[in-house]
Amino acid sequence: MSSADQQPHEPQLRLGPLRRLGLSGKLLLLTIPLVLAAQILIYVPSIANFRINRLNDRLAAANTAALVLDAAPLGMVPESLSRQILSSIGARAVAIKWGQQRRLLASADLPPQIDHDIDMRSMTVWSAIVDAFDLMFERGNQTMRIIGPAPGGAQFIEVVVDELPLRQAMYRFSRNLLWVSLGLAILSAGLVYITLHYLFVRPMRRLTASMVAFHENPESHARIIVPSQRADEIGVAEREFSEMQRDLVSMLHQKSRLAALGLAVSKINHDLRNLLASSQLLSDQLASVPDPRVQRFAPKLMRSLERAIAFCQSTLSYGRAQEAPPDRRMIEVETIVGDVRESAGLATDDSIGWINAIERGLQIDADPDQLFRILLNLVRNAAQALEGQPHSEVAPRQIRITGRREGAVAILEVSDTGPGVPQKAKDHLFEAFQGSLRPGGSGLGLAIAAELVRAHDGDIHLVEGTIGATFRITLPDRPVELLSLRNERARA
């Protein structure tokens, strides 16, 4: 059963249900109340200012009437003329105060009491707003006295008017402003909606559709989004999402190839293990031959067969690409390097020089089998790079292995005098099927070496500026717990 069959099926994401109220609908529902709120904020000071202007108009008309009435000889104005003047300014009475004297210039149908007093000289913004709405919510035809500055040397002028005409005028102004505000709100909301829809909603919908399509078939290059040329954050998101999709498609293809390769390797190892077991039986019989040359090479042959059988068995046991944790211990590096040279066939190959520059007695805290595989992969790559190189006295074909210790860190270097690593391979040097250094290569050698080095908490990298290619391996010793070390020393 495949791993995909073992995992629970997750619900598929579809655009249909989400588009019942998508970003466009939410944007529209958000834009309209915001614009209406802005219109309300405009209406509140507008209606208060309208009331103040009407009251100032009444005061201005009262000042004009006061000049006319005060200019009459001995203040004698016919009652009919007074009524005409008061009717023209929409007032019931006009009075003015000179010094300590308060003079009623004209009056007609004065009520027994005044309902409201409005002093325009001390009116604030907040009081103007509150009084405006109080006037609009009142009922009936009440009277109010408006007090304001007077012309000439008078202290102030008073005018008594009805509230109903002002309230009706405020209603008409509110109704007209409501229609205008509603039209502006619809127009503004439409413009804002269209602008935001084309600038943000459509690109986000395009990203969402690409995500859904890519989720349905993540291994298809056709589902990768084509980024636009926008320079803002959405353009950056499109480009980054496109790169992420490309990386994911490449990784999935690589995983598929690795899965197929793992299955093939498991099948091959199954049969190869049987063949190696037969070879091991023959090598056991060969070890009993008294020939000195046979006795010299038989142990090495048996060790190579045992290592190969163990590796095949581990591959069949784990059944995956992940390596087993390293069994670390202090080992002699020169012994491992000697086995690597013989396994790579360089001990009998005089066409490629071999330089062993390992410090005498150098020990490394590592897994011997995994360190053998690391060095063998690097040495084989170096030998393959030198095979196509012509012989030259100026630049002889050589492989050099150096090793030294710096405190708690061991450093190994494998270098050659070959053509070096091309720039195209450097970008994916330690990736499987990506960092091959020669035509037809799989690039698995460096990938396996890097994985084994990382399992030791070490580092491997290509050293720049050298002849040919030089790979440096850094392997730190395992951290030692001081308490356990002290206990061991105490027991010793």
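Residues numbered from 1 in each chain as written. Predicted model: local features only at pLDDT ≥ 70, side-chain atom pairs only at ≥ 80, totals over all residues. Heavy atoms only, no water.

1. Some points on the pairing of strand E3 (residues 116-119)
Every other side chain in a regular strand lies on the same face of the sheet, so the side chains alternate between the two faces. Pairing geometry for E3 and strand E4 (residues 143-148), over 4 bridges, is parallel. The residue bridging His116 from the neighbouring strand is Met144, located in E4. Once the chain exits E3 it traverses helix H5 (residues 125-137) before rejoining the sheet at E4, and the crossover so formed is right-handed. (Pairing = 2+ DSSP bridges. Helix = DSSP H or I, 4+ residues; strand = E, 2+ residues; numbered from the N terminus. Right-handed = clockwise from strand over helix to strand, strands pointing away.)

2. Here's the deal with the nonpolar core
Soluble, globular proteins show a tendency: their nonpolar side chains are buried together. Core analysis: the largest hydrophobic core is formed by 41 residues, its most contacted members being Leu375, Leu378, Val379, Ile399, Leu412, Phe471 and Ile473. With 10 residues, helix H10 (residues 368-387) is the single largest residue contributor to this core. Once residues lying within four places of it in the same chain are set aside, the contact partners of Leu375 are Ile336, Val337, Val340, Leu412, Val414 and Ile473. (Core = buried A, V, L, I, M, F, W, Y, C linked by side-chain atoms within 4.5 Å. Buried < 20%, exposed > 50% of the residue type's maximum accessible area, 1.4 Å probe, protein only. Contact = heavy atoms within 4.5 Å.)

3. Looking at a nonpolar patch on the surface
Residues Leu28, Ile32, Leu36, Trp179, Leu182 and Ile186 make up a contiguous nonpolar surface patch of roughly 570 Å² in combined accessible area. Listing elements by their share of the nonpolar patch, those giving two or more residues are helix H3 (23-70) and helix H6 (163-216). Checked against the element boundaries, Leu182 lands in helix H6. For Leu182, a relative accessible area of 36% puts it in the partly exposed group. (Patch = residues over 30% accessible without salt bridge, like charges linked within 9 Å, V, L, I, M, F, W, Y side chains within 5 Å. Areas by Shrake-Rupley, 256 points an atom, 1.4 Å probe, with all protein chains shown as cover. Salt bridge = Lys/Arg side-chain N within 4 Å of Asp/Glu carboxyl O.)

4. Here's the deal with the side chain of Glu413
With respect to the secondary-structure elements, Glu413 resides in strand E10 (residues 409-416). With a relative accessible area of 14%, Glu413 lands in the buried category.

5. What about the packing of H10 against helix H12 (residues 444-455)?
In the contact formed by H10 and H12, the axes pass within 9 Å of each other and the chain directions differ by 150°. Of the possible angle classes, the one that applies to H10 and H12 is roughly antiparallel. In this structure, H10 crosses over H12, and the sense of that crossing is left-handed. Along the contact surface, H10 presents Gln370, Arg373, Ile374, Asn377, Leu378 and Asn381, while H12 presents Gly445, Leu446, Ile448, Ala449, Leu452 and Val453. Taken together, the residues that form the contact of H10 with H12 break down as 7 nonpolar, 4 polar and 1 charged. (Axes fitted to C-alpha atoms, helices over the stretch in contact; angles between N-to-C directions. Parallel < 35°, antiparallel > 145°, perpendicular 65-115°, else oblique. Left-handed = near helix turned anticlockwise from the far one by under 90°. Nonpolar A, V, L, I, M, F, W, Y, C, P; charged D, E, K, R; others polar.)

6. Brief notes about the environment of Ala366
Here Ala366 is to be found in strand E8 (residues 363-366). Measuring from C-alpha to C-alpha, the distance between Ala366 and Glu332 comes to 9.9 Å, with 34 residues separating the pair along the chain. Those residues in contact with Ala366 that sit more than four places away from it in its chain are Asp327, Arg328, Arg329, Ile331, His456 and Leu475.

7. Remarks on the pattern of salt bridges
As a working rule, side chains carrying opposite charge can pair if their charged atoms are close by. Using the criterion set out here, one finds 12 salt bridges in the structure. Glu138 is paired through a salt bridge with Arg167; the nearest N and O atoms lie 3.8 Å apart. Pair noted here: Glu138 is in the loop between H5 and E4 and Arg167 is in helix H6, with a separation of 29 residues, a long-range link. The exposure class assigned to Arg167 is buried, which follows from its relative accessible area of 3%. We note a salt bridge from Asp365 to Arg478, for which the minimum N-O separation is 2.8 Å. Residue Asp365 is found in strand E8, and its partner Arg478 is found in the loop between strand E12 (470-476) and helix H13 (482-491); the two are separated by 113 residues along the sequence. Take Asp365: its relative accessible area is 5%, and that puts it in the buried class.

8. Focus: the sheet that holds strand E11 (residues 459-462)
Read from one edge to the other, the open sheet built from 5 strands follows the order E7-E9-E10-E12-E11, with strand pairing classed as mixed. With partners counted over all chains shown, the strands left at the sheet margins are strand E7 (353-358) and E11, one partner each. When strand polarity is set aside, the average angle formed by the axes of neighbouring strands in this sheet is 10°. In the sheet, E7 pairs with strand E9 (residues 398-406) via 6 bridges, with the strands oriented parallel. Following the sheet pairing, Ile358 is matched in E9 by Gly403. Strands in contact with helix H9 (residues 333-343) are E7, E9 and E10; relative to E7, the strand with the most contacts, it is inclined by about 170°. In the packing of H12 onto the sheet, contacts are made with E11 and E12, and the angle to E12 comes to roughly 20°.

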